[in-house]
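Geometric and topological summary
Spelled out from the first residue to the last, the chains are:
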Amino acid sequence: MRKPLQDYIRFSMSLDSGYLMDSDLIATKNSYLGRLVQPFLEYCPGNEVPLLPGKGPDHFTFGLPQFRGIETRCNTVWISQKNQLNIQNIVYHHFRLHFQMYADDKIRYRREIHTAKGAIKDTILDFCASVNIKFDAITLEMLSKAYYRSRIKREKNGFSPCKPVMIGRLFYLV
């Protein structure tokens, strides 16, 4: 999983479960990470060798206590490659949705105080700072173009950029 998405998971965990940013992640049934991975947990097939935690920048590991009746000790639970991509896509969707809501609000506020056009760069920098994502991991062009395309698509389909959506409803929007 890419580093910005890992940072976003850590941020979401800090919001709903009091997780400290520097501590190890534990997926519990009530945490963001637990709700995210729970549908994708399976017992490890006999012909597969479970991957042990890696040290690369794209490796994302977390603790998993006994989880809703699934025995998690001795590497008996795993998430397949296909499901890992599904989880990454869900987190990416949550990240983009959160950014779009944040950017809509900030840009609307900046327009009200008559800030010059092109405030998207400041908005992206503010978002990265509030979500605790290092700006070098996310390019300005990636977020600004994604925001522009989504804004055009929403306007074309008749959705108002000011429609309020709660962050806690992210799991019901996917």
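Residues numbered from 1 in each chain as written. Predicted model: local features only at pLDDT ≥ 70, side-chain atom pairs only at ≥ 80, totals over all residues. Heavy atoms only, no water.

Take the overall build of the protein chain next. Summing up its helical and strand segments, the protein chain has six helices and two strands in all. From first element to last, N terminus to C terminus, the protein chain shows the α and β order α-α-β-β-α-α-α-α. Within the protein chain, buried positions represent 34% of all 174 residues. Put simply, of all contacts in the protein chain between residues at least 6 apart along the chain, 68% involve residues at least 24 apart. With an accessible surface of roughly 11,400 Å², the protein chain has 55% of that area assigned to carbon and sulfur atoms. (Helix = DSSP H or I, 4+ residues; strand = E, 2+ residues; numbered from the N terminus. Buried < 20%, exposed > 50% of the residue type's maximum accessible area, 1.4 Å probe, protein only. Contact = heavy atoms within 4.5 Å. Areas by Shrake-Rupley, 256 points an atom, 1.4 Å probe, with all protein chains shown as cover.)

Summed over the entire model, instances satisfying the criterion amount to seven aromatic pairs. Ring centres 6.0 Å apart and planes at 45 degrees place the aromatic pair Phe60 and Phe62 in the tilted group. (Phe/Tyr/Trp six-rings, centres within 6.5 Å; stacked < 30°, edge-to-face > 60°.)

Turning next to unusual backbone geometry. Residues other than glycine predominantly adopt negative phi, and peptide bonds predominantly adopt the trans conformation. Phi is positive for Asn132, which is not a glycine, with a value near 65 degrees. In this structure, Asn132 sits in the loop between helix H4 (120-131) and helix H5 (140-156).

The next thing to look at is the pattern of salt bridges. As enumerated under the stated definition, the model contains three salt bridges in all. As a salt-bridge pair, Asp7 and Lys3 come within 3.6 Å of each other at their nearest N and O atoms. With Asp7 and Lys3 both in helix H1 (residues 3-17), this residue pair falls four residues apart, about one helical turn. In this structure Asp7 comes out as buried when scored by relative accessible area, which is 11%. Its relative accessible area of 34% is what places Lys3 among the partly exposed residues. (Salt bridge = Lys/Arg side-chain N within 4 Å of Asp/Glu carboxyl O.)

H5 packs onto H4 with a crossing angle of 110 degrees between their chain directions and a minimal axis gap of 10 Å. In this view, H4 runs roughly perpendicular relative to H5, as classed from their interaxial angle. Considering how the two elements wind past one another, H4 and H5 form a crossing that is right-handed. From H4, Ile120, Lys121 and Ile124 reach across to H5, where they touch Leu140, Leu143, Ser144 and Tyr147. Partitioned by chemical class, the residues of the contact of H4 with H5 number five nonpolar, one polar and one charged. (Axes fitted to C-alpha atoms, helices over the stretch in contact; angles between N-to-C directions. Parallel < 35°, antiparallel > 145°, perpendicular 65-115°, else oblique. Left-handed = near helix turned anticlockwise from the far one by under 90°. Nonpolar A, V, L, I, M, F, W, Y, C, P; charged D, E, K, R; others polar.)

Here the focus is H4. Over its twelve residues, H4 runs 16 Å from end to end, which matches the ideal 16 Å to within 8%, given 1.5 Å per residue. Considered for burial, the residues of H4 that qualify are Thr123, Ile124, Phe127, Cys128 and Val131. Buried residues in H4, looked at end-on, bunch into an arc of 135 degrees, giving them a common side. (Expected span 1.5 Å × (residues − 1). Arc of directions from axis to C-beta.)

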